[in-house]
Amino acid sequence: QVQLVESGGGLVQAGGSLRLSCAASGRTFINYVLGWFRQAPEKEREFVAAIRWSVGNTYYADSVKGRFTISRDIAKNTMYLQMNSLKPEDTAVYYCAAALGVVGMPTSRYAYANWGQGTQVTVSS
C-alpha cells in the first residue's frame, strides 16, 4: 500500500523560500508520476508540479514556473518541492500525490489515487 508523508511546511515572509519533502513508501515507484497539489481555504485543490519517477521529467503550473522546482531522490524514495520567491498567494495546504500507469503528466487531481495528509505553507506579506 502506497504511503505518502509530507513535511517541511511553515511560515515564511514573502520573497522567502521553503523546501517540502514527500517520503514515499509501500511500492516501487518506477511506473508512477508523483505530483504536488495545493488547496487554499475555500478554493479547489490545484495542480502545482509533477515528476515522472523513472526518468525525472517534470511539469509545472504556470503560476509557479520559474519559482518552484520539483525533484526526487530515488535512493531515499523522497520527492521534493523547492519553493523560492514565495508570494502570499502561495499560502495553502500542500499535498503530495501518486498516480500509477498514467500517460503524460496529469494535472487533474482525479488521476492521482494516493495522497498524503498535507503540510501547511503560510506566506506573510
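Residues numbered from 1 in each chain as written. Predicted model: local features only at pLDDT ≥ 70, side-chain atom pairs only at ≥ 80, totals over all residues. Heavy atoms only, no water.

Caption draft 1: How the structure looks around the state of the cysteines. Applying the stated rule across the entire model yields one disulfide. Paired by a disulfide, cysteine 22 and cysteine 96 hold their sulfur atoms 2.2 Å apart. Disulfide cysteine 22-cysteine 96: torsion about the S-S bond near 65 degrees, hence right-handed. Of this pair, cysteine 22 sits in strand S3 (residues 18–25) while cysteine 96 sits in strand S9 (residues 92–100), and the two are 74 residues apart along the sequence. On the accessibility criterion, cysteine 22 (0% relative accessible area) is buried. (Disulfide = S-S within 2.5 Å. Helix = DSSP H or I, 4+ residues; strand = E, 2+ residues; numbered from the N terminus. Buried < 20%, exposed > 50% of the residue type's maximum accessible area, 1.4 Å probe, protein only.)

Caption draft 2: View of the nonpolar core. Counting 39 residues, the largest nonpolar core has Leu34, Trp36, Met79, Leu81, Met83 and Tyr94 as its most contacted members. Breaking this core down by element, the ones donating at least two residues are S3, strand S4 (32–39), strand S5 (46–52), strand S7 (68–73), strand S8 (78–83), S9 and strand S11 (119–124). Looking at this core element by element, the count peaks at six residues for S9. Setting aside residues up to four positions removed in sequence, leucine 34 forms contacts with Ala24, Phe29, Ala49, Ala50, Ile51, Trp53, Ile70, Met79, Ala97, Ala98 and Tyr112. (Core = buried A, V, L, I, M, F, W, Y, C linked by side-chain atoms within 4.5 Å. Contact = heavy atoms within 4.5 Å.)

Caption draft 3: Examining the pairing of strand S1 (residues 3–7) more closely. Going residue by residue along S1, you find Leu4 and Glu6 tucked away on one face and Gln3, Val5 and Ser7 left uncovered on the opposite face. As judged from the five bridges shared by S1 and S3, these two strands associate in the antiparallel manner. The residue of S3 that forms the bridge with glutamine 3 is serine 25. (Pairing = 2+ DSSP bridges.)

Caption draft 4: Representation of the packing of aromatic side chains in the model. As enumerated under the stated definition, the model contains eight aromatic pairs in all. With centroids separated by 5.9 Å and ring planes inclined at 55 degrees, the aromatic side chains of phenylalanine 29 and tryptophan 53 adopt a geometry described as tilted. Of this pair, phenylalanine 29 sits in the loop between S3 and S4 while tryptophan 53 sits in the loop between S5 and strand S6 (58–60), and the two are 24 residues apart along the sequence. With relative accessibility at 3%, the residue tryptophan 53 sits in the buried group. When the ring of tyrosine 95 is compared with that of tryptophan 115, the centres are 6.4 Å apart and the planes differ by 80 degrees; the resulting orientation is edge-to-face. Pair noted here: tyrosine 95 is in strand S9 and tryptophan 115 is in strand S10 (residues 114–115), with a separation of 20 residues, a long-range link. Among the residues examined, tyrosine 95 registers a relative accessible area of 14% and is labelled buried. Among the residues examined, tryptophan 115 registers a relative accessible area of 27% and is labelled partly exposed. (Phe/Tyr/Trp six-rings, centres within 6.5 Å; stacked < 30°, edge-to-face > 60°.)

Caption draft 5: Quick peek at the side chain of aspartate 90. The topology assignment puts aspartate 90 in the loop between S8 and S9. For aspartate 90, a relative accessible area of 0% gives the class buried. Of the polar contacts made by the side chain of aspartate 90, one reaches the side chain of arginine 67; its length is 2.8 Å. For aspartate 90, the side chain forms a polar contact with the main-chain nitrogen of lysine 87, separated by 2.8 Å. Sequence-distant contacts of aspartate 90, defined by excluding residues within four places in its chain, comprise Arg38, Arg67, Phe68, Ser85, Val121 and Val123. (Polar contact = N/O pair within 3.5 Å; in protein donor to acceptor, adjacent residues only side chain to side chain.)

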